[in-house]
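Survey of secondary and tertiary structure
Chain by chain, the residues:
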Amino acid sequence: MMDERIDFDINDALKQYLSDPSTISTPEAPSDLIDCEQNPDDLTAALVNSALNPVVDSVAENPDAITRRINFDTLQILLKSASCLPPQSLSKILDLVVSSLSVEADLANADLDADEQEAVAHHKHLLEVFGFLLQWAVAAVETKAAEKSASSTVGRGRGGKGVKKGSNKDGSWDSAPQLQTALDVMSKVLKLKLARIFVTTSERDTFISLFTRPVYLVLESEVRVKSQAIRMHTFRLLCIAIKHHGHAYAAQTAIVQNLTYFEHLSEPMAEFLQILSEQYDYPQLAEDVLRELSNKEFNSNDTKGPKSVSTFVAKLSELAPRIVIKQMTSVAKFMDSESYTLRCAIIEVCGNLIAMLSKEEDNERSENHKAQINVFFDVLEERFLDLNPYCRCRTIQVYVKLCDLDTKFPKRRQTVAELATRSLEDKSSNVRRNAIKLLGKLVQTHPFAVLHGGLLSHKDWNGRLEAVETQVNALKPPEELREKEPGEHTVDTQLLDDATVVDNGASQPAAEMTDEEKQTAHEKAQAEAQTAEALNKLQLTRRYYLEALKFIEVLHEASPIVTQLLSSKNKSEIIEAMDFFVMLDAYKIETARIGIRRMLRLIWTKGNSDEGKGVQTHLIESYKGLFFDAPDSFTGNDAANYVARNMISLTFGATPAELTSLEQLLSTMMKQELVNDAVVQKLWAVYGVQVKEISKNQRRGAIIVLGMLALAEPDIVVKEMEVCLRIGLGELGRRDLGLARYTCIALQRINTAGKKNEKSKQMGRLPNDHAVLVRLAAMAEMVSSSKEWFGVAEQAIGAIYALAKHPDTLCSDVLRRKTKHVFSPKVQARRLSDVSMTDADMAPTEPTPPTEEVADKESDEEKPASALSQLLFIVGHIAIKQIVHLELCEQDFKRRKAEKEAKTGGSKTPHKSMSVAPSEPPTTAGRKKTKGKSSDSAPAEDVDELDLMAGTTEDDFQEAIQHIRERELLYGQTSLLSSFGPLVHEICANNTTYADPTLQSQAALCMAKLMCVSSEYCESNLSLLITILERSTNAIVRSNLVVALGDMAVCFNHLIDENTDFLYRRLSDGDVSVRRTCLMTLTFLILAGQVKVKGQLGEMAKCTEDGDKILRDMSRMFFTELATKDNAVYNHFVDMFSLLSADGGLEEEGFRRIIKFLLGFIEKDKHAKQLANKLAARLGRCDSERQWNDVAFALGALQHKDEEISKVLAEGFKVVQVQG
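Under an unreviewed UniProt entry, the name given to the protein chain is Condensin complex subunit 1, and the source organism is Tothia fuscella. Database annotation for the protein chain, UniProt heading Sequence similarities (unreviewed entry): "Belongs to the CND1 (condensin subunit 1) family."

What follows is the structure, given as structure tokens:
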């Protein structure tokens, strides 16, 4: 019985195995194993080895031993229980089968070579047995590997709880090397002359399937496919089966199925078909697969299939483009597919085929290639308008790759540049971002670097074009080369003039040409040939220049759109736009500077998220690269000069908004220690240089930048106060008031109120007789008729309040002297000469406004108006600064009281009273608190004052400050300002008596500032202020008063709340600057909750239809922000709707756009339903068809749909009413 041989039929065995392996009978297996069949857990390693070892010894000695029933059944029963076998046992089985098959393959090969026909049947039998067992063993190994990876994933996901006890033991066996060996042996078997062993096709196919089936099983595992060694082994085996053993059709079916069910096989299958085509010369299978896939219809719900197929087709076109181009007619069907992924694939295919064809341009079939390239380009250009944004993105990405080709396709590049510019306005941010990237790539790889280098300055190229056209016109082209005008005859006139009939007489023999004539004719011919050649060259150069200019113009057109995209909400889009402008600047394209300036405002991007920080960091990096990183070849001194020069140049022509952003950027860079000390020294050198040759702008620029840097590092200005004194507050500052103004701003940075600097503590305040303060006071008192004086005076007073120990005393002196100067006849006489001198000094820098010219030309009696205007300006500004000073005093009092209390342990008392308890020793907590405070010790006199107020509570002090502000500043008997309140009222109330426009403007501004000081003064003058606001013809006055009303709304809300209508009315002002100011003021007041919003929000909504684009954008931004606050748009929608619908001046189309915009913020269904009901109730009360249409439109635009409402709307507006 031991030697009983098996009766093995491969077809029956496979049938049983494929239906259910557990049903295969194994009667001759060891009884111990049969007993364990029902309880696989009883299979111990010892038991398995006791049964397996004899089989291994027997088969290893002679492969024929596998045909013994006991050996075969033992292996089969073990494989049936493979899931419970120890990994070492499974490894041993696989090793046995593989090594035996290898030996058998060698024996079979030897017998086939020796032409031993008798042994063929025996070899066939053994190969089938080993093939069957190998298929089963590989399947068992793969199942085990899949279980292992699944259990390890669960273990990781749940902190290791899902790992089985045996996982450590299992983990010690890596089956990959054995699997590679098995695949090697399988390939070896397939290389045998199997046609001589398996005579019929069905026999051979069955045998081949024993090897291909496990291969497909292995490929199903993503882990296996990632291993290149295993992947290549599987590909080789399949290639042999297809090439030599007719496995092509089965492989085609398997590939199509794999693409449908296994996403990870998309690219590997393309790689396999490339290897089959190139290494095994069998492209037919790839073509058949492409044909089958092109005819395949996908379910609309199936996203996996199309995605997998599209990845496969795209990868195949990249690896084997020649195969795909042959089947392009079939594959092109995907372009009509509803699945965007399939369309994306064809877009990528077109790009890959263009890349392939462009590299073979010099071939014999170049004309055909050009035609094909044009077709593919046409397809790509069409896809710029694909419905799906992913397809549009893929098209752009394909073009980005094509830009790197050696062949430039200049005409196509021009077209795609125009298409990319159009795509900058796409609604998808992803498309816009990629369009910016494509434009950047087109610039990087442009074909115009052959002549004149690669820079793309429009001015330079235009100059070259003009020069070439001049040269072309200078060369008189030969008659035959000259372009004919339309309608011009091309017949030689001599032909028409000469006789066309030959004379009957003998023709005269042509006279011989002399040598001189020959020489002349030869030289003439040479000259004409040279002219023709030169002209041809110039024409080509001209065309080259025209193409370059056309491309540059597209970039100029794109730049403003990319500038707008710097305001995008998408971080990656903003960063791409920044990089675009940096690149344009590198190529010297003029429009880059506008974008680079606009980039500055990105420094305000909120940095509380990673996105905000990313944008800020990228902006700083971009600016460093553009302006603050000197070339490596520069010395330290040259580098500092380079950076300083660039910093100064950034201030030239900058708007106030740009300067504010630049200030934030430079101070941020200073905090990050990105600005070198040497650069700061160079800036001081530029500012302090006494040579006259230096331009006014450079000196101004230097102090502007220094003031910005001082925001982060005040010591910069502290160390150089003497230079400020000598230059900005000296003679140069008097001659250039702009320089003086910026010097005052820089000095304010020494002690910036409310800002604590980590690196440098604030400098102590200066005594009132300090040289800097004396000069600042002199600046405020300076006599000048220049408009710039107001800016200087404002900043000088600001600097006094920032630096002086007692600024109110110093400013009182300034005010006294200025008042004496204005109202004293002697001083007035002196002023006239001073004014003429100042005018002469200022003439080159600032054109005098027309009002000043008139004032200078008119009689002396009108001169005091200018001086009085300046006095009122100082009064108003000191009043505002004094309020701020009082608030700072209050803060300082609280701080010092807190410190005092902390030192004496008073922090333990819960009351506000700050009485000192000397009996209690300082606590530990008190000590710690003291250390945390500023190390500046308070001056002795301040300490004494504080001791005097020891029993004062915070509330008492606050009330005292409030009393000073309300009653003493404007109404106190000893207050200087008290005299000016009535004076300003008098001037404003009698605008015909005091008709000077500057005086009226400054008086109104001064009155507005004084109204912010005291509520009593505000109440008594409010009606006058509103009258001026309504009636003033000066837009600047109206703008100032709008801002002032906003300030009053914050200070004295109860007074202004009833008069907000006058503020909203300015939204309809005839001057755009007033409307902008009003909208900004109201935006602040409403969003900060300073004014109660009623129905007037409709006026804000009307601004979304304003003629001014900036105003429209500001209004939209306001509503976007408002929508984030407690359903504000929903709460006020009905009031806004009523106001807008009742406005006869608003066109119906404009009304509808506003309503549609506002309804975009109603997102909740509950709110939409409630609004629908409220609006529907109005339908019956509508007096006119326009009103009815307005309500109907709003109901239609709402997301909520109601049958009853729809029914009422369907009936329409009832024109005829029944008589009662």
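**Considering the overall build of the protein chain**
Across its full length, the protein chain holds 60 helices and zero strands. Within the protein chain, the proportion of its 1220 residues that are buried is 48%. Across the protein chain, contacts joining residues at least 24 apart in sequence account for 73% of those joining residues at least 6 apart. Entry remark: accessible area of the protein chain is about 62300 Å², with carbon and sulfur atoms responsible for 51%.

**Some remarks on the packing of helix 38 (residues 771-781) against helix 39 (residues 788-803)**
Helices that pack against each other are described as a pair by the angle of their axes relative to one another and the distance between those axes. Contact pair helix 38 / helix 39: the axes reach a minimum separation of 8 Å and the direction vectors enclose 150°. Judged by the inter-axis angle, helix 38 sits roughly antiparallel to helix 39. Helix 38 and helix 39 meet at a crossing whose hand is left-handed. Here Val772, Leu773, Leu776, Ala777, Met779 and Ala780 of helix 38 lie close against helix 39, whose contacting residues are Trp789, Val792, Ala796, Ile797, Ala799, Ile800 and Leu803. Among the residues making up the contact of helix 38 with helix 39, the classes are represented as 13 nonpolar, no polar and no charged.

**Considering the environment of glutamate 37**
Mapped onto the fold, glutamate 37 is located in the loop between helix 2 (31-35) and helix 3 (45-61). In this structure, the C-alpha to C-alpha distance between glutamate 37 and leucine 78, residues 41 residues apart in sequence, is 9.1 Å. In contact with glutamate 37, other than residues within four places in its own chain, are Ile77 and Lys80.

**Brief notes about the pattern of salt bridges**
Under the criterion given, the structure shown has 44 salt bridges. Arginine 291 serves as the salt-bridge partner of aspartate 288, at 2.4 Å between the closest nitrogen and oxygen. Of the two residues, aspartate 288 and arginine 291 both sit in helix 15 (residues 284-295), three residues apart, roughly one turn of that helix. You can call arginine 291 partly exposed: its relative accessible area is 34%. For the salt bridge of aspartate 426 with arginine 392, the shortest nitrogen-to-oxygen distance reads 2.8 Å. Residue aspartate 426 is found in the loop between helix 22 (410-423) and helix 23 (429-444), and its partner arginine 392 is found in helix 21 (residues 389-402); the two are separated by 34 residues along the sequence.

**Some words on unusual backbone geometry**
At aspartate 281, a position not held by glycine, the phi torsion is positive, near 50°. Counting through the fold element by element, aspartate 281 comes out in the loop between helix 14 (266-278) and helix 15. If you check the backbone angles, lysine 588 has positive phi at about 60° while not being a glycine.

**Thoughts on helix 49 (residues 1015-1031)**
In an α-helix there are 3.6 residues to a turn, and that puts residues three or four apart on one side. Taking 1.5 Å per residue, 17 residues should reach 24 Å; helix 49 reaches 24 Å between its end C-alpha atoms and fits that length. Among the residues making up helix 49, those that are buried are Ser1015, Tyr1017, Cys1018, Asn1021, Leu1022, Leu1024, Leu1025, Ile1026, Ile1028 and Leu1029. Two or three places before glutamate 1016, at the start of helix 49, stands the capping residue serine 1014, its side-chain oxygen 3.2 Å from that residue's backbone nitrogen.

**Considering the nonpolar core**
Core analysis: the biggest nonpolar cluster contains 360 residues, and Phe312 and Leu776 have the highest contact counts within it. Look past the residues within four positions of leucine 776 in its chain and what remains in contact with it is Leu729, Cys744, Leu747, Ala796, Ala799, Ile800 and Leu803.

**Concerning the environment of leucine 238**
Topologically, leucine 238 is positioned in helix 12 (residues 228-245). Spatially, the C-alpha atoms of leucine 238 and threonine 212 are 6.8 Å apart, while their sequence positions differ by 26 residues. Contacts of leucine 238, omitting those with residues within four sequence positions, involve Thr212, Val215, Tyr216, Leu219, His247 and Phe272.

**Thoughts on the confidence of the model for the protein chain**
Per-residue confidence for the protein chain gives a mean pLDDT of 80; residues scoring 70 or more make up 83%. A low-confidence stretch, residues 154-171 stays under pLDDT 50, and its non-local contacts, those more than four residues away or across chains, total twelve contacts. A low-confidence stretch, residues 1216-1220 (pLDDT under 50), is modelled with zero contacts involving residues beyond four sequence positions or located in other chains.

**Remarks on the side chain of aspartate 585**
Residue placement: aspartate 585 occurs in helix 27 (residues 571-586). When its relative accessible area of 13% is taken as the criterion, aspartate 585 is described as buried. If we skip the residues at most four places from it in the chain, aspartate 585 touches Ala592, Arg593, Ile596 and Leu626.

**Here's the deal with helix 33 (residues 696-710)**
The first and last C-alpha atoms of helix 33 sit 21 Å apart over 15 residues, in line with the 21 Å expected at 1.5 Å per residue. Taken together, the buried positions of helix 33 are occupied by Arg699, Arg700, Gly701, Ala702, Ile703, Ile704, Val705, Leu706, Gly707, Met708, Leu709 and Ala710.

**Some words on the packing of aromatic side chains**
How two aromatic rings sit relative to each other is given by the distance of their centres and the angle of their planes. Taken as a whole, this structure holds 31 aromatic pairs when the rule is applied. With 6.2 Å between their ring centres and 50° between their planes, phenylalanine 627 and phenylalanine 628 make a pair best called tilted. Judged by its relative accessible area of 2%, phenylalanine 627 is buried. A network of ring pairs unites the aromatic residues Phe8, Tyr17, Phe72, Phe132 and Trp136 as a single cluster. One residue, arginine 464, lies across the ring of tryptophan 461, its end atom 4.8 Å from the ring centre. Across the ring face of phenylalanine 1151, the terminal group of arginine 1186 is positioned such that the distance to the ring centre comes to 5.7 Å.

**Describing the side chain of threonine 206**
Looking at the secondary structure, you find threonine 206 in helix 10 (residues 201-219). With relative accessibility at 17%, the residue threonine 206 sits in the buried group. If sequence neighbours within four positions are ignored, threonine 206 has contacts with Ile10, Asn11 and Leu14.

**Focus: the packing of helix 40 (residues 807-823) against helix 43 (residues 864-904)**
Here helix 40 crosses helix 43 at 165°, and the two axes come no closer than 10 Å. With respect to helix 43, the element helix 40 is oriented roughly antiparallel. Note that helix 40 runs across helix 43; the crossing there is left-handed. For the pair helix 40 and helix 43, contact is made by Pro807, Asp808, Cys811, Leu815, Lys818, Thr819, Val822 and Phe823 and by Ala867, Leu868, Gln870, Leu871, Ile874, Val875, Ile878, Gln882 and His885, respectively. Broken down by class, the residue content of the contact of helix 40 with helix 43 amounts to eleven nonpolar, four polar and two charged.

**Here we look at the environment of glutamate 673**
Turning to its location among the elements, glutamate 673 is positioned in the loop between helix 31 (656-671) and helix 32 (677-688). Its relative accessible area of 62% is what places glutamate 673 among the exposed residues. With 39 residues separating them along the chain, glutamate 673 and alanine 712 place their C-alpha atoms 10.0 Å apart.

Rules used throughout
Residues numbered from 1 in each chain as written. Predicted model: local features only at pLDDT ≥ 70, side-chain atom pairs only at ≥ 80, totals over all residues. Heavy atoms only, no water. UniProt positions renumbered as here; feature names shortened; annotations may be inferred. Helix = DSSP H or I, 4+ residues; strand = E, 2+ residues; numbered from the N terminus. Buried < 20%, exposed > 50% of the residue type's maximum accessible area, 1.4 Å probe, protein only. Contact = heavy atoms within 4.5 Å. Areas by Shrake-Rupley, 256 points an atom, 1.4 Å probe, with all protein chains shown as cover. Axes fitted to C-alpha atoms, helices over the stretch in contact; angles between N-to-C directions. Parallel < 35°, antiparallel > 145°, perpendicular 65-115°, else oblique. Left-handed = near helix turned anticlockwise from the far one by under 90°. Nonpolar A, V, L, I, M, F, W, Y, C, P; charged D, E, K, R; others polar. Salt bridge = Lys/Arg side-chain N within 4 Å of Asp/Glu carboxyl O. Expected span 1.5 Å × (residues − 1). Polar contact = N/O pair within 3.5 Å; in protein donor to acceptor, adjacent residues only side chain to side chain. Core = buried A, V, L, I, M, F, W, Y, C linked by side-chain atoms within 4.5 Å. pLDDT = per-residue confidence, 0-100. Phe/Tyr/Trp six-rings, centres within 6.5 Å; stacked < 30°, edge-to-face > 60°. Lys NZ or Arg CZ within 6 Å of the ring centre and 35° of its normal.

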